[in-house]
Amino acid sequence: QDPSKIRNTGSGLLLSLLPAMLTPSEADEHERALTVEISFQRRQWDKILKIEAMMQSQEERTRKLEQQTQGKLERLQRLEEQVDVVHEKVRGLVDSCTEAGRTLAAECETRQQELGTLQLALKTCEASLTETLRETARELRSSLDGLHRRSEDAGGRYKELERQLSE
């Protein structure tokens, strides 16, 4: 309320309440009481205006904070969306790497089996070659012994023929 209206209302109220005949000192005392009351009401009114100004200031500050909070919330939501996109990409990469790892493991296992097969074939071939070489060496020794005997026989016949010719 406006303090001037309070004063007017207070004076009107006072006049209606005052008995018709007041003494001058009672009137002065009453006027002082009214002045004190009006002064008190004016201070209260000033306090109310200050509180309203503070409230408006706080409301404005609250609005600004809400706007900042909304901006930060929107930024956070965008960041969460980016995180989700990155997580999806990472999951895709992990899946790709996992699949590549499985493929490499299967290929490695296949190569290991092939290597084992080749090593076994090589050992079998080596054993076969060793046996063939031994057999061939025996045959060659036998043939060499036979040739050696024939050579001795031929040498003995040569000497016999030479002796017969010389006679």
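Everything below is about the structure shown above.
Description of the structure in this document. (Residues numbered from 1 in each chain as written. Predicted model: local features only at pLDDT ≥ 70, side-chain atom pairs only at ≥ 80, totals over all residues. Heavy atoms only, no water.)

This next bit is on a negative patch on the surface. Together, E26, D28, E29 and E31 give the surface a local cluster of negative charge. Looking at where E31 falls in the secondary structure, it is placed in helix α2 (residues 24–166). (Patch = residues over 30% accessible without salt bridge, like charges linked within 9 Å, V, L, I, M, F, W, Y side chains within 5 Å. Areas by Shrake-Rupley, 256 points an atom, 1.4 Å probe, with all protein chains shown as cover. Salt bridge = Lys/Arg side-chain N within 4 Å of Asp/Glu carboxyl O. Lys, Arg positive; Asp, Glu negative; His and termini not counted. Charge placed at Lys NZ, Arg CZ, Asp CG, Glu CD. Helix = DSSP H or I, 4+ residues; strand = E, 2+ residues; numbered from the N terminus.)

Taken together, the side chains of V86, V90 and V94 define a hydrophobic patch exposed on the protein surface, amounting to about 230 Å² of accessible area. Following the sequence through the fold, V86 ends up in helix α2. What makes V86 partly exposed here is its relative accessible area of 46%. (Buried < 20%, exposed > 50% of the residue type's maximum accessible area, 1.4 Å probe, protein only.)

Attention now moves to the pattern of salt bridges. A side chain of one charge can pair with a side chain of the opposite charge if their charged atoms are brought near each other. What the rule picks out here adds up to 7 salt bridges. The closest approach of N and O atoms between E107 and R111, which form a salt bridge, is 2.9 Å. Here E107 pairs with R111, and both are found in helix α2, just 4 residues apart, close to one helical turn. Given a relative accessible area of 39%, E107 falls into the partly exposed group. Each member of the salt-bridge network shares a partner with another, and the members are E107, R111 and E114.

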